[in-house]
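Letter by letter, the chains look like this.
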Amino acid sequence: MGVSRLDVFYRRLLLTKLFIGGWGRPEDLRRIFEFRKFIGDREKCKTLVSEDYPVYINKTEELADCLIHDGFFISPLEHLVPGILPPEAVKARFQFIVPKKWQKNRPVCIQLAGTGDHFFWRRRTLMARPMIKEAGMGSLVLSDYFRRSCLKNVSDLFVMGGALILESTALLRWLEREGYWPLGMTGISMGGYMASLAVTNWPKPIPLIPCLSWSTASSVFTTGVLSKAVNWTELEKQYAINSVYEKEIINLLEYCGADSFKMRAEQSRGVDSLEHLLGLSGDCRESVGRRVEAGKPSGHCGDPEGRRDRDEYSVPSANSRETNKDLLPRFGTIITHLSCKHPNQTSTKCCRPSLHNESISFMKGVMDECTHMANFSVPVDTGLIIVVQAKEDAYIPRTGVLSLQEIWPGCEVRYLNGGHISAYLFKQNVFRQAIYDAFNIFCLKYPNLQ
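Computed from a prediction, not measured in an experiment: that's the story for all the values here.

Draft legend 1. Inspection of the overall build of the protein at higher detail. Check the secondary structure of the protein and you find 20 helices and 9 strands. Going through the 450 residues of the protein one by one, you find that 58% of them count as buried. Partitioning the intrachain contacts of the protein with sequence separation of at least 6 by distance along the chain shows that 81% fall at a separation of at least 24. Put simply, the protein shows about 18,800 Å² of open surface, and 51% of that area lies on carbon and sulfur atoms.

Shown next, in the form of structure tokens:
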């Protein structure tokens, strides 16, 4: 299956750059990785957020068809990892949109923000209010400071994931105390991915509907169209100059499965086709370290020949662990070369293709460490999960990574024709129907779980 040309064209229209600040402070990465090892185990996290964690409503607005409650609470992550959150993100804000009169029970679905969804109005207008009209279902729409900051550092994505896991737990506990039932979680694009992370930490069966998301964020930022928005120049420079990333941070990584570091032939061809669709010349590809000989992909990420058949690769199990030092290329001489003081020589070395490939491998490693679903607990009941994916999604590549069916046996995956953008613009009704179906399954299986 090819990639959507609309996805590629839309990405070209946007000028937003990701990770303009680089990887983030090494000490922050260390703290995040250690916290990930803890939060990835649901049993260890049962008491991280108290049953009576305080949540506040400070404003209520009445509309013709619904009530909108504005609320806030302090992110639990601030208590557990002090100082890791930017000051603006310490106070989490949300809108709680409910019908004026409930039809049956009081179902509520928490909706997490997708990329570019900076505020409440889009989810409120396209999802929450139609859900009240169609199914009498309320929605809790959580805001996200990190969306507005455009992910300045790579570490911001991991901080956001940890924050949303704990914030979702706090909100689910609050909704339970207030008597709402059944409860579920959803999100579109990165919001769907973050909703999946949150559900891995919830100790009870719960409907989960991740839309236009998949099993890991590593492919999103290394082979998807968003990889063109990554500030690779800054990332490569920091990786080359600061040896702590290569010598220390790598040793903290645990998940380095073959689905992250060994690219299949389809991935290599997919990347080339994206560059062709984006209209990149040979010079442009070389400028980001992608040297491709005529008719031959640049073998990297564990594939020295550059092109192999699909069945030469064995897909690892969700519990597989491989040694980082075996999978990540080691270019110890880079630091030595870069120690020369001549600025032109430093500039030349920072643009060498091997450095770009090494930075991509490091990106895959840190992304999979903190975002791969195989690194987190399996949801209590995977039969309550309905995944909605676009067949030609250029933002969320599925080739070469473990599928959600492999990690979560029993979940359902529904595929839409077209790409990421067309599905987001025109398939909101399909997303809502998947939510209703997952909630109905829950009510049939757990009628007395209140």
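More follows now that the structure is in view.
Draft legend 2. Here's a closer look at the nonpolar core. Ranked by size, the top nonpolar core spans 98 residues in total, and within it Trp 23, Phe 33, Leu 157, Phe 158, Met 185 and Phe 221 carry the most contacts. Apart from the residues lying within four places of it in its own chain, the contact partners of Met 185 are Cys 109, Ile 110, Leu 112, Ser 168, Leu 172, Ala 195, Ala 198, Val 199, Ile 206, Pro 207, Leu 208 and Ile 209. If you look at the next biggest cluster of nonpolar residues, it comprises 20 residues, including Leu 212, Phe 431, Ala 434 and Ala 438.

Draft legend 3. The arrangement of a nonpolar patch on the surface in detail. There is a patch of nonpolar side chains on the surface, built from Leu 6, Phe 9, Tyr 10, Leu 13 and Leu 14 and spanning about 460 Å² of accessible area. For Leu 14, the location among the structural elements is in the loop between helix 1 (5-13) and helix 2 (26-39). We classify Leu 14 as partly exposed; its relative accessible area is 33%.

Draft legend 4. A look at empty space enclosed by the protein. Applying the stated criterion across every chain yields a total of 6 cavities of 30 Å³ or more. Size it by volume and the largest cavity reaches roughly 160 Å³. Lining of the largest cavity is provided by 20 residues; of these, Ile 32, Phe 35, Phe 158, Gly 161 and Gly 162 occupy positions nearest its centre. Broken down by secondary-structure element, the contributors of at least two residues to the lining of the largest cavity are helix 2, helix 6 (154-177), helix 7 (190-200) and helix 17 (353-371). With 7 residues, the top contributor of residues to the lining of the largest cavity is helix 6. The residue inventory of the lining of the largest cavity, partitioned by class, reads 15 nonpolar, 3 polar and 2 charged.

Draft legend 5. Quick peek at helix 10 (residues 244-252). All buried positions along helix 10 are accounted for by Val 244, Tyr 245, Glu 246, Ile 249, Ile 250 and Leu 252. Considered in projection along helix 10, the buried side chains sweep an arc of 155° and stay on one side of the axis.

Draft legend 6. Local environment of the packing of aromatic side chains. In the structure shown here, the tally under the stated rule is 14 aromatic pairs. Between the aromatic rings of Trp 23 and Tyr 245, the centroid separation amounts to 6.3 Å while the plane-to-plane angle is 45°, which identifies the pairing as tilted. One end of the pair, Trp 23, is in the loop between helix 1 and helix 2; the other, Tyr 245, is in helix 10, and 222 residues separate them in sequence. Both residues of the pair, Trp 23 and Tyr 245, count as buried. Where Phe 73 meets Phe 94, the ring centres are 6.2 Å apart and the plane angle is 45°; that geometry is what we call tilted. Residue Phe 73 is located in strand 2 (residues 66-74), and its partner Phe 94 is located in strand 3 (residues 91-99); the two are separated by 21 residues in the primary sequence. Assessed through its relative accessible area of 1%, Phe 94 is described here as buried. One aromatic cluster in this structure is built from Phe 73, Phe 94, Phe 96, Trp 102, Trp 174 and Tyr 180. The ring of Phe 376 is capped by Arg 36, whose NZ or CZ atom sits 5.9 Å from the centre of that ring. Just above the ring of Tyr 180 sits the side chain of Arg 106; from NZ or CZ to the centre is 4.1 Å.

Draft legend 7. Seen up close, unusual backbone geometry. The peptide bond linking Trp 181 to Pro 182 adopts the cis configuration, its omega dihedral lying at -10°. One can find Pro 182 in the loop between helix 6 and strand 6 (183-188). Positive phi, normally seen in glycine, also occurs at Asn 105, with a value near 55°. In this fold, Asn 105 is placed in the loop between strand 3 and strand 4 (108-112). Positive phi values are uncommon outside glycine, yet Ser 189 reaches one of about 65°. Here Ser 189 shows up in the loop between strand 6 and helix 7.

Rules and cut-offs
- Residues numbered from 1 in each chain as written.
- Predicted model: local features only at pLDDT ≥ 70, side-chain atom pairs only at ≥ 80, totals over all residues.
- Heavy atoms only, no water.
- Helix = DSSP H or I, 4+ residues; strand = E, 2+ residues; numbered from the N terminus.
- Buried < 20%, exposed > 50% of the residue type's maximum accessible area, 1.4 Å probe, protein only.
- Contact = heavy atoms within 4.5 Å.
- Areas by Shrake-Rupley, 256 points an atom, 1.4 Å probe, with all protein chains shown as cover.
- Core = buried A, V, L, I, M, F, W, Y, C linked by side-chain atoms within 4.5 Å.
- Patch = residues over 30% accessible without salt bridge, like charges linked within 9 Å, V, L, I, M, F, W, Y side chains within 5 Å.
- Salt bridge = Lys/Arg side-chain N within 4 Å of Asp/Glu carboxyl O.
- 1 Å grid on protein atoms, 1.4 Å probe; cavity = no way out; pocket = protein on both sides within 12 Å on 5 of 7 lines; lining within 4 Å.
- Points joined across faces, edges and corners; volume = space filled by probe spheres on them.
- Nonpolar A, V, L, I, M, F, W, Y, C, P; charged D, E, K, R; others polar.
- Arc of directions from axis to C-beta.
- Phe/Tyr/Trp six-rings, centres within 6.5 Å; stacked < 30°, edge-to-face > 60°.
- Lys NZ or Arg CZ within 6 Å of the ring centre and 35° of its normal.

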